[in-house]
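Now for the letters of each chain:
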Amino acid sequence: MYPFNYHKPSSVDEAVSLFLDAEDPAYLSGGMTLIPTMKQRLAMPTDLVDLSGVQAMRGIERQDQKLVLGAFTRHAEVARSEVVAQAIPALAHLAGLIGDNQVRYRGTIGGSVANSDPAADYPAAVVALGAEVVTNKRTISSADYFQDLFETALEPGEMIVRIELPIPRRAAYRKFPNPASRYAVVGVMVAQFDNGVQVGVTGAGPCAFRASTLEAALAADLRPEALAGVDIPDAGFNADLHASAEYRAHLVGVMARRAVADLLAS
Amino acid sequence: MEITVTVNGRSHRLDVSPNTLLVDILREQLRLTGTHVGCDTSQCGACTVHLNGDAVKSCTVLAGQADGASVVTIEGIGAVDDLHPMQAAFREHHALQCGFCTPGMIMAAIDLVEKSDHLDDAAVREGLEGNICRCTGYHNIVNAVLSVAEAKA
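Residues numbered from 1 in each chain as written. Chains lettered and ligands numbered in written order. Predicted model: local features only at pLDDT ≥ 70, side-chain atom pairs only at ≥ 80, totals over all residues. Heavy atoms only, no water.

**Examining the state of the cysteines**
Step number 1: A full pass over the atoms with the stated rule returns zero disulfides over all chains.
Step number 2: No disulfide involves Cys 59 of chain B; its sulfur sits 3.9 Å from the nearest other cysteine sulfur, which is in Cys 47 of chain B. (Disulfide = S-S within 2.5 Å.)

Below you can see the structure in the form of structure tokens.
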């Protein structure tokens with residue numbers, strides 16, 4: 001790999017200050033995307049600011065009706081956490097579907113949400129649950145956070161410290177994985193709250209989004225059958241060798257129906 | 001930069017550059033060549049080692065990330081005359097053809113069996129998703145892992 005500088009701060013303030021002092025830096029969380037990307041020189045930061053030593057970014061905690069996950073919480077920790085299993089079992093299920101075992105021991109929720117890969121799993125949960133992304137300087141609503149392909153509301157140097165997820169009454173996540181990479185060709189989380197049903201979709205568009213047509217149908221009738229014939233507009237959907245935009249739109253309906261069935265059975 | 005890393009129980013203080021990968025430390029500096037580099041893109045799992053008790057792909061861990069860590073490689077789990085139960089099971093079940101993926105398969109499989117309450121055929125196949133056998137010899141690998149899991153139960 002090409003040469004770069006490496007820093008390992010122990011606090012959020014130190015991390016931000018190292019970032020702002022460097023020429024073309026990047027934060028390093030689990031590294032499951034960043035390191036392979038750097039090997040291919042698709043990204044070439046001059047400096048890496050490794051966040052593994054920042055204790056304030058660790059931990060899984062339930063606070064009343066919220067589940068609070070430190071940004072550095074690894075996928076395997078979420079998948080196996082008793083606290084998560086009690087609060088939002090669908091989130092533990094989702095975390096256990098990311099990549100493979102080795103990837104889940106390294107990758108973090110903060111890294112996934114910061115990168116906003118269109119096929120990442122966590123963004124579906126962040127939007128479906130209406131989570132708040134807490135950074136070193138502000139709290140960003142999930143409705144404002146995901147903006148476009150690999151584009152978020154994060155400003156240069158701004159870093160995610162924790163993610164706060166409202167606990168739904170019930171939720172379920174289904175994905176159609178790419179058989180080689182396990183990334184979501186399409187993934188759908190359906191979450192039922194006291195005041196409505198929220199549907200988060202990943203994989204289909206440039207970034208995760210709420211599916212309003214599905215939410216309206218499920219608000220009236222929370223059954224898989226209620227989604228039959230509901231229009232899923234595919235304008236702007238991703239199209240590649242794995243799936244056309246039209247096929248992805250079809251998969252959104254299929255995954256949503258399966259998620260609703262799982263939710264009702266939970 | 002200088003890092004300290006414990007490998008197979010022995011502590012090493014090493015001078016490395018920031019772009020050094022854990023697998024290069026193991027193979028090039030410590031000459032532990034049992035850990036293989038297959039794809040170098042964190043897909044194939046041939047480079048799997050245990051880092052602080054978890055199976056990870058050592059081609060996707062930087063030297064600085066391994067600073068202070070404890071690493072176990074295929075050389076650290078058994079000896080020729082005293083095989084680890086997983087190594088013995090791979091031999092018993094003929095769970096290898098060319099053998100290139102074997103060190104990574106064994107390290108991933110040990111982690112899987114240690115951390116799973118119940119494993120069946122499907123769970124083993126899912127648990128080894130991060131390891132690719134290019135000879136496609138999965139059937140006997142799964143049988144070997146299941147035999148160790150059953151012995152543990």
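Having seen the model, we can carry on.
**Some details on the environment of Phe 19 of chain A**
Residue and element names in this part refer to chain A.
Step number 1: By the secondary structure assignment, Phe 19 is in helix α1 (residues 12-21).
Step number 2: On a C-alpha basis, the gap between Phe 19 and Ser 29 in space is 14 Å, while along the polypeptide they are 10 residues apart.
Step number 3: Aside from chain neighbours lying at most four places away, what touches Phe 19 is Pro 25, Ala 26, Tyr 27, Val 49, Pro 156 and Gly 157. (Helix = DSSP H or I, 4+ residues; strand = E, 2+ residues; numbered from the N terminus. Contact = heavy atoms within 4.5 Å.)

**Here we look at helix α10 (residues 212-220) of chain A**
Residues and elements named next belong to chain A.
Step number 1: Residues Leu 214, Glu 215, Ala 217 and Leu 218 constitute the buried set of α10. Projected down its long axis, α10 shows its buried positions confined to an angular sector of 165°, all on one face. Exposed residues on α10 whose side chains face more than 90 degrees from its buried face are Ser 212, Ala 216, Ala 219 and Ala 220. (Buried < 20%, exposed > 50% of the residue type's maximum accessible area, 1.4 Å probe, protein only. Arc of directions from axis to C-beta.)

**Focus: the sheet that holds strand β1 (residues 5-7) of chain A**
Residues and elements named next belong to chain A.
Step number 1: Pairing within the open sheet is parallel, and its three strands lie in the order β1-β3-β2. Whereas interior strands pair on both sides, the edge strands pair on one side only; in this sheet they are β1 and β2 (25-28). Direction aside, neighbouring strands of the sheet carry axes that sit 20° apart on average.
Step number 2: Two elements, β1 and strand β3 (residues 47-50), share three bridges in a ladder whose sense is parallel. Looking at β3, one finds that His 7 is bridged to Val 49.
Step number 3: Packing against the sheet, α1 makes contact with β1, β2 and β3, and its axis sits at approximately 150° to β2. (Pairing = 2+ DSSP bridges. Axes fitted to C-alpha atoms, helices over the stretch in contact; angles between N-to-C directions.)

**Quick word on the domain arrangement of chain A**
Residues and elements named next belong to chain A.
Step number 1: Partitioning chain A into domains gives domain 1 (5-53) and domain 2 (58-265).
Step number 2: Each of domain 1 and domain 2 has a C-alpha centre, and the two are 25 Å apart.
Step number 3: Counting from both sides, the interface comprises 12 residues of domain 1 and, opposite them, 16 residues of domain 2.
Step number 4: Counting the surface lost from both domain 1 and domain 2, the interface buries some 1,000 Å², and carbon and sulfur atoms represent 69% of this.
Step number 5: Linking domain 1 to domain 2 there are zero salt bridges.
Step number 6: Taken together, domain 1 and domain 2 are joined by three residue pairs in polar contact (both at pLDDT 80 or more).
Step number 7: Broken down by element, the side of domain 1 that touches domain 2 gets its largest block of residues, five residues, from α1.
Step number 8: Taken together, the residues of the side of domain 1 that touches domain 2 break down into eight nonpolar, four polar and no charged. (Domains from an automatic or database assignment. Buried area = accessible area lost by both parts, 1.4 Å probe. Salt bridge = Lys/Arg side-chain N within 4 Å of Asp/Glu carboxyl O. Polar contact = N/O pair within 3.5 Å; in protein donor to acceptor, adjacent residues only side chain to side chain. Nonpolar A, V, L, I, M, F, W, Y, C, P; charged D, E, K, R; others polar.)

**As for the side chain of Ser 81 of chain A**
Step number 1: Positionally, Ser 81 of chain A belongs in the loop between α3 (75-80) and α4 (82-87).
Step number 2: Separated by 3.1 Å, the side chain of Ser 81 of chain A and the backbone nitrogen of Val 83 of chain A make a polar contact.

**Description of the nonpolar core**
Nonpolar side chains in soluble globular proteins tend to be buried together.
All names here are of chain A.
Step number 1: Met 57, Leu 67, Leu 91, Val 113, Tyr 122 and Leu 165 are the most contacted members of the largest nonpolar core, which totals 53 residues.
Step number 2: Considering each element in turn, this core owes the most residues, six residues, to helix α8 (residues 122-128).
Step number 3: Built from parts of two domains, this core gets at least three residues from each of domain 1 (5-53) and domain 2 (58-265).
Step number 4: Not counting residues within four places of it along the chain, the set of residues in contact with Tyr 122 comprises His 75, Val 78, Leu 91, Leu 94, Ala 95, Ile 98, Ile 109, Ser 112 and Val 113.
Step number 5: Core analysis: the next-biggest nonpolar cluster, separate from the first, contains 28 residues, Val 185, Val 201, Ala 204 and Leu 263 among them. (Core = buried A, V, L, I, M, F, W, Y, C linked by side-chain atoms within 4.5 Å.)

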